[in-house]
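Listed here are the chains, written in short residue letters.
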Amino acid sequence: NAGVMQNPRHLVRRRGQEARLRCSPMKGHSHVYWYRQLPEEGLKFMVYLQKENIIDESGMPKERFSAEFPKEGPSILRIQQVVRGDSAAYFCASSPGGQSLSNQPQHFGDGTRLSIL
Amino acid sequence: RKEVEQDPGPFNVPEGATVAFNCTYSNSASQSFFWYRQDCRKEPKLLMSVYSSGNEDGRFTAQLNRASQYISLLIRDSKLSDSATYLCVVITSNTGKLIFGQGTTLQVKP
């Protein structure tokens, strides 16, 4: 499967625990975007990363959320001390990058559904 | 004001009907425009890009009006399988991040 791979598909955590969501981009893609879709709402941009660099984190909550895209391995979205309001679908998308980011559509993974008890 | 606005619907139409969705965006510097489709809150899937000259893909036609900051999607001869939420998406930044509308829900009935 050469598409964007996210895992786990479903994740259940209790309040105060940590959640780690993983995203492997499509083969040949070096740019990763994370989006969040809260219940009954549209998708909202969170963060844009290239390998080993955070390029745009303007959509990330100020506290408890972090993201990384190491040189080796998948991109990780980490949520510390989760609260009920973090329950949402988290989608990752990738693009090949290059000079024309502003007109590249993105291809999405299946998402991780995070539920906080 | 939201950056991308859509009528959430739902639009309930019979099979074979023609249905049109509209979307407006607030940033006049927006660079690229797309329609995505989302089924039951699964992953969004690219339906088509939108150009000022208009573009057509089978039963689907998309149009962009930059002067009015308005995007449209027309679906002809609706099928049951067209039932989904249609997301209007805009890129305003050189980073390529997507700005989504809330989506318009279409329900095609037999």
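One can find the structure itself at the top, above this paragraph.
Each chain has its residues counted from 1, running along the sequence as written. Each chain gets a letter, beginning with A, and each ligand a number, beginning with 1, in the order they are written. Totals for whole chains, interfaces and linings use every residue, but because this is a predicted model, local features are given only for residues with pLDDT of at least 70 and side-chain atom pairs only at 80 or more, for both listing and counting. To obtain the side-chain values, all non-hydrogen atoms of the structure were included, while hydrogens and water were left out.

1. Let's talk about the pattern of salt bridges
- By definition here, a salt bridge exists when the distance from a side-chain nitrogen of Lys or Arg to a carboxyl oxygen of Asp or Glu is within 4 Å. Across all of its chains, the model carries 10 salt bridges over all chains by this definition.
- Taking the shortest distance from any N to any O, the salt bridge between R20 of chain A and E18 of chain A comes out at 2.8 Å.
- The rule is simple: take the accessible area with a 1.4 Å probe, protein chains only, and divide by the maximum for that residue type; under 20% is buried, over 50% is exposed, in between is partly exposed. Residue classification places E18 of chain A among the partly exposed residues on the basis of a relative accessible area of 29%.
- For R59 of chain B, the salt bridge is made with D82 of chain B, and the minimal N-O distance between the two is 2.8 Å. A residue pair is termed long-range when its members are at least 10 positions apart, and R59 of chain B in the loop between β6 (55-57) and β7 (60-65) and D82 of chain B in the loop between β8 (70-75) and β9 (84-91) qualify at 23 residues.
- Here R59 of chain B falls in the partly exposed class, since its relative accessible area comes to 22%.
- Through salt bridges that share partners, E18, R20 and R78 of chain A make up one connected network. In this text, helices come from DSSP runs of H or I with a minimum length of four residues, and strands from runs of E with a minimum of two, each type numbered from the N-terminal end.

2. A short note on the interface of chain B and chain A
- Taken residue by residue, the interface counts 21 residues in chain B and 25 residues in chain A.
- Between chain B and chain A, a total of about 1800 Å² is buried, with carbon and sulfur atoms accounting for 53% of that surface.
- By buried area we mean how much accessible surface two parts lose on assembly, using a 1.4 Å probe and totalling the loss over both. Of all residues in chain B, R41, T95 and K97 of chain B bury the most surface against chain A, accounting for 31% of the area lost on that side.
- Counting every contact that joins chain B to chain A gives 1 salt bridge.
- In this structure, K97 of chain B engages D56 of chain A in a salt bridge whose closest nitrogen and oxygen atoms are separated by 3.3 Å.
- Here a polar contact means two N or O atoms within 3.5 Å. Within protein one must be a hydrogen donor candidate and the other an acceptor candidate, and residues neighboring in sequence count only if both atoms are side-chain atoms. Counting the contacts that link chain B with chain A gives 10 residue pairs in polar contact (both at pLDDT 80 or more).
- Within the residue set of the side of chain B that touches chain A, elements represented by two or more residues are β4 (32-38), β9 and β10 (98-100) of chain B. Note on contacts: a residue pair qualifies if any of its non-hydrogen atoms lie within 4.5 Å across the two residues.

3. Side note on the sheet that holds β6 of chain B
Residues and elements named next belong to chain B.
- Pairs of strands are assigned from DSSP output, requiring at least two bridges between the strands. Read across the open sheet, the 5 strands follow the order β1-β3-β8-β7-β6; overall the sheet is antiparallel. The outermost strands of the open sheet, each flanked by one partner alone, are β1 (4-6) and β6. Within the sheet, the average angular offset between the axes of one strand and its neighbour, ignoring direction, is 20°.
- Two strands pair when backbone bridges link them, and β1 and strand β3 (residues 19-25) are joined in this way by 3 bridges, in the antiparallel orientation. Note on β3: the bridge partner recorded for Q6 is C23. Lines fitted to C-alpha atoms define the axes, with helix axes restricted to the stretch in contact, and inter-axis angles between N-to-C directions lie between 0 and 180 degrees.

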